[in-house]
Structure formats: structure tokens, C-alpha cells
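What the coordinates show
Each chain, written out:
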Amino acid sequence: MNEIRIGSKVISRDFLLFLIANALLGIAVAVESTSFANRLIEDLNFDMQMRAFLEFPRELPGLLVVFIIGALGFLGDIRTAAVGNIVGGIGLFAFGLVPYGFWPVVVTMMIFSMGQHIYLPLSGAISMTFAKKDNLGRRLGEIQAVNTAMLIVTAAVLYLLYHFLDMSFSVAFSFGAVAMVLAGVVLLFMSPGEKKPKKERFVVKKKYSLFYVLALFFGARRQITFTFVTWLIATIYNQPVQTFVILFFITNVISIFFRPILGIFIDKLGERFVLVFEGGLLLLSCFGFAFAKVLFSPSVALVVVGICFVIDNLFSVGAQMARTTYVRKLADNQNEVSGTLSFSISLDHVLTMSLPFFVGMLWEWNAETGYIYVFLVGAVISIVCMLLANAIRIPERSEHSVSG
């Protein structure tokens, strides 16, 4: 494999390209994360019921990802990841331009979501091909830190463009879409790796049972905050898109230092400790989302919700990293990793597709205070996640390197 010298450090050409792709994806993620809810509200006149229902078709590709990745298995992980980003970029571009209409939004978001969900399990598996047995968490943290650095830069630029130039959402989503497509193109320049279909593309084994259940409940917990926190801030606290950009910026400034440290904690303290600790913090953040406005003045409550938003985003990433390294330690060989992660993503969408619709009905039941019940549901799920994470045990054999 070709190597490239950067200053005094020598890294592989493929690793550098992978870092560049992740940096480009940071632009797309920043645009979508900061602007999605406000475009639905300000440009497309979505209400809570429409937003909650949108999660079913938006998350449907996640349920189907195990079959989609399987169908593309002849390409290998890297080429499949490239296809996912190119498809996702096309969907993101179309979403930014689509006029008012529920079904056009559904179609464009499904295309974008398909690309996202294709890349998600493969990114962890590809990342770990650049890691040694004793630094899995650290390597994931380093890769995500590069992604986070671009998120920070993009958030700062978005704030300036929204605040001073009154940039339209369509322009913002176009920038994000181009970056996502370019990320896919960069991946095409990496060495393709294995091209033959893998025998274990879909991995369903008893030894992964706890991991599958963890994926199910952590996915449900993540979906509660992903769907409803932005809506809470935009509607209950009446905040514009600039507020989301600021929160996103703060989160990612912290993340660029936090994620590599968290990776070290995973390596040193283990997945069980990190996931239990993370579940406890997410439990507290749910209480903050639910009761801040009840307990504090509006300005203080907004600060409390903002802090909870930052904590939630930081540690949700930690959960994903820890579950990825947990799979690697259980796997008999590298080929099992992407297949297991793909299946787990499909599995966690059993709840994430339907949960927002039913939980959203709690909010619709009382537009003023219904959100409290939404986040109490999230608190209950967080407790379940903590109990499940505490059951994690790493077999002795998995302390050795994984073959493949």
C-alpha cells in the first residue's frame, strides 16, 4: 500500500483518502443537522404530525440496508460506501430544491437516507481496517475528529451566511449535497479491497444477541432525541436556524477533543463502562428536555436545553463507537464485522421507523406540554439501555487480534 509523508508522519494513501472523504461528509452532516427541522417548519410548513410521520419513510432504508448492502456486496465495502454517498448526495440536493408537498419531501428524503444508511455500517468496518488490535477506539476517535473539524468549520460558515447574507436553505443543502457526492468520488480512488461477495454479508449469530438488543434500544433512544429535540427548540422555544448552528458549533468544538479521548476510554475502561455511563447522562438529558421550561425561566430553560443537546450529541456518538468496537472484539474474523453492523442497523429500525409516529401522538395530544411525555419515554428507554450495557462481557479469546 502506498504511503504519504505529512511532515514527520507517514500514513497510508488509502487512510489519507478516507480522512478526506470523512472531512467532506462533515460538510453534508453539518448542513443537514442544522437546517433540516427549520426548512420543514419555515419553508415547507410541516406540523408535528407530518414531521413524526416523515420518520417512517425516512428510516425505511435503514430497515432495508442489510439487503441493499448485500445486493452491492460484489463491489466490496469501499466501493459500496462510495455508491452510498453519491446516492445520498443526490437525495440531499433534491430535498433542498423540492417545493412544498409532503410526498416530494418523502421521496427525496428516502433517497438521501438510503445513501446515509448504506455508508453508516461500512464506515466503522472500513475505519477498523486501519487499526491495530489495541487501538480500535483510538483510531475511530481520530477519524471522527477529522470529520468533526470540518463540522466546526462548516457550522461557522453557515452561521455567517445565514446571519449576514440571509442564505436560503436551498443553497445550503446544495453545498452539502456537492460535498457528499465528492466524498463518494474520493472513496473511489481508494484501493478497492475485497471484490468477491463475502460469505458472511448478513451475520446473525447467537454470540451477537446482546449487541442486537443494544442496537435496538440505543437506536430507539437516539431516534427520540433526533426527531424531537430540534422540534422542541424550534417550536416550544421559537428558535431560528442560527441557534441550531451555534449549538452544533459548540458540540463539535468539544467533540474534536472529546472523541479521541472517548476512544481511549473505550480501549482502557471497556465498552461496558462507557455505555453505562453514556446511558446515565442521556437519562439526565431527557429530564432536562422534559422539565427545563417547567422549572426555570424561559432564558435559563433554553440554556439548560442547549446543554442537554450538547451532552446528548456527544455521548450518542460514544455509544456508536463503543458498540462498533464491541462487535470487532466478538467477531471471529474481519468479514463478520460489516455484516453484523449492517444487520444491527436494520434491526434497530424496527423501532425507529414506528416509534416517532406513536410518540409524536403524545405531543399532538397536548401541543403545549405533550413534549414532556415524549422525553419521559426517552428516559425510560435510557434506563433500559443502561441495564443492557451492564450485561456486556468480552470473552477472553477476543482480546487477541481478529483474523482477516
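Placed above this text is the structure.
Notes on the structure in this doc start here.

To continue, consider the overall build of the protein. Helix and strand counts for the protein stand at 13 helices and two strands. Put simply, the protein has 404 residues, and 57% of those count as buried. Considering only intrachain contacts with a sequence separation of at least 6, the fraction spanning at least 24 residues in the protein is 85%. Surface summary for the protein: the accessible area is close to 16800 Å², and the carbon and sulfur share equals 70%.

This part is about the state of the cysteines. The full count for this structure, using the stated rule, is zero disulfides. In this structure C308 is not part of a disulfide, and its nearest cysteine sulfur, from C286, lies 8.8 Å away.

Judged by nonpolar contacts, the single largest core of 119 residues is most densely connected at L40, F46, V105, L232, W363 and F375. In terms of residue count, the dominant contributor to this core is helix α10 (residues 298-330) (14 residues). Excluding residues that lie within four positions of it along the chain, F375 makes contacts with I224, F228, V229, L232, C286, F289 and A290.

Turning our eyes to something else, we now look at the pattern of salt bridges. Taken as a whole, this structure holds seven salt bridges when the rule is applied. Two residues, D14 and R13, come together in a salt bridge whose shortest N-O distance is 3.6 Å. When its relative accessible area of 3% is taken as the criterion, D14 is described as buried. Residue E32 pairs with R58 through a salt bridge whose shortest N-O separation is 2.7 Å. Linking E32 in helix α1 (residues 13-43) with R58 in helix α2 (residues 48-71), this pair joins segments that are 26 residues apart in sequence. Residue E32 shares its accessibility class with R58, and that shared class is buried. Three or more residues are tied together by salt bridges with common partners; here these are E32, R51, E55 and R58.

It is worth spelling out helix α7 (residues 209-236) at this point. Given a rise of 1.5 Å per residue, 28 residues ought to cover 40 Å, and the 39 Å separating the end C-alpha atoms of α7 matches this to within 8%. Of all the bends in α7, the greatest measures close to 30° and is centred on F228. In terms of burial, α7 is largely enclosed, as 21 of its 28 residues are buried. N238 sits one or two positions beyond α7 and adopts a positive phi of about 55°.

Here the focus is unusual backbone geometry. Although it is not a glycine, D166 adopts a positive phi angle of roughly 50°. Mapped onto the elements, D166 comes out in the loop between α5 (136-165) and α6 (169-188). A positive phi angle, near 55°, is found at N238, a position not held by glycine. Tracing the sequence through the fold places N238 in the loop between α7 and α8 (241-269).

Think of two packed helices as two axes; the pair is described by the angle between the axes and how far apart they sit. Running from N to C, α1 and α2 cross one another at 130°; their axes reach a closest spacing of 12 Å. Classified by the angle between their axes, α1 and α2 sit oblique to one another. The interaxial crossing formed by α1 with α2 has right-handed handedness. Of the residues in α2, those touching α1 at E32, F36 and L40 are R51, L54 and R58. Residues belonging to the contact of α1 with α2 are distributed by class as follows: three nonpolar, no polar and three charged.

Turning our attention to a nonpolar patch on the surface. On the surface, I246, F249, I250, V253, I254, F257, I261, F265, L269, F273 and F277 cluster together into a nonpolar patch covering about 990 Å² of accessible area. At the level of elements, α8 and α9 (271-295) are the ones that each hand at least two residues to the nonpolar patch. Within the secondary structure layout, F257 lies in helix α8. On the basis of relative accessibility, which here comes to 58%, the residue F257 falls in the exposed class.

On to the packing of aromatic side chains, then. One pair of aromatic rings is described through two measures. These are the centre distance and the angle between the planes. Scanning all chains against the criterion turns up 19 aromatic pairs. Centroid distance F46 to F102: 5.8 Å. Interplanar angle 25°. Geometry classified as stacked. Pair noted here: F46 is in the loop between α1 and α2 and F102 is in helix α4 (residues 102-128), with a separation of 56 residues, a long-range link. For the pair F46 and F102, one class covers both residues: buried. Ring geometry for F287 and F291: centres 6.4 Å apart, planes at 25°, overall stacked. Linking F287 with F291, this pair stays in helix α9, spanning four residues, or about one helical turn.

Rules behind the numbers
Residues numbered from 1 in each chain as written. Predicted model: local features only at pLDDT ≥ 70, side-chain atom pairs only at ≥ 80, totals over all residues. Heavy atoms only, no water. Helix = DSSP H or I, 4+ residues; strand = E, 2+ residues; numbered from the N terminus. Buried < 20%, exposed > 50% of the residue type's maximum accessible area, 1.4 Å probe, protein only. Contact = heavy atoms within 4.5 Å. Areas by Shrake-Rupley, 256 points an atom, 1.4 Å probe, with all protein chains shown as cover. Disulfide = S-S within 2.5 Å. Core = buried A, V, L, I, M, F, W, Y, C linked by side-chain atoms within 4.5 Å. Salt bridge = Lys/Arg side-chain N within 4 Å of Asp/Glu carboxyl O. Expected span 1.5 Å × (residues − 1). Bend = angle between axes of the 7 residues up to and from the residue. Axes fitted to C-alpha atoms, helices over the stretch in contact; angles between N-to-C directions. Parallel < 35°, antiparallel > 145°, perpendicular 65-115°, else oblique. Left-handed = near helix turned anticlockwise from the far one by under 90°. Nonpolar A, V, L, I, M, F, W, Y, C, P; charged D, E, K, R; others polar. Patch = residues over 30% accessible without salt bridge, like charges linked within 9 Å, V, L, I, M, F, W, Y side chains within 5 Å. Phe/Tyr/Trp six-rings, centres within 6.5 Å; stacked < 30°, edge-to-face > 60°.

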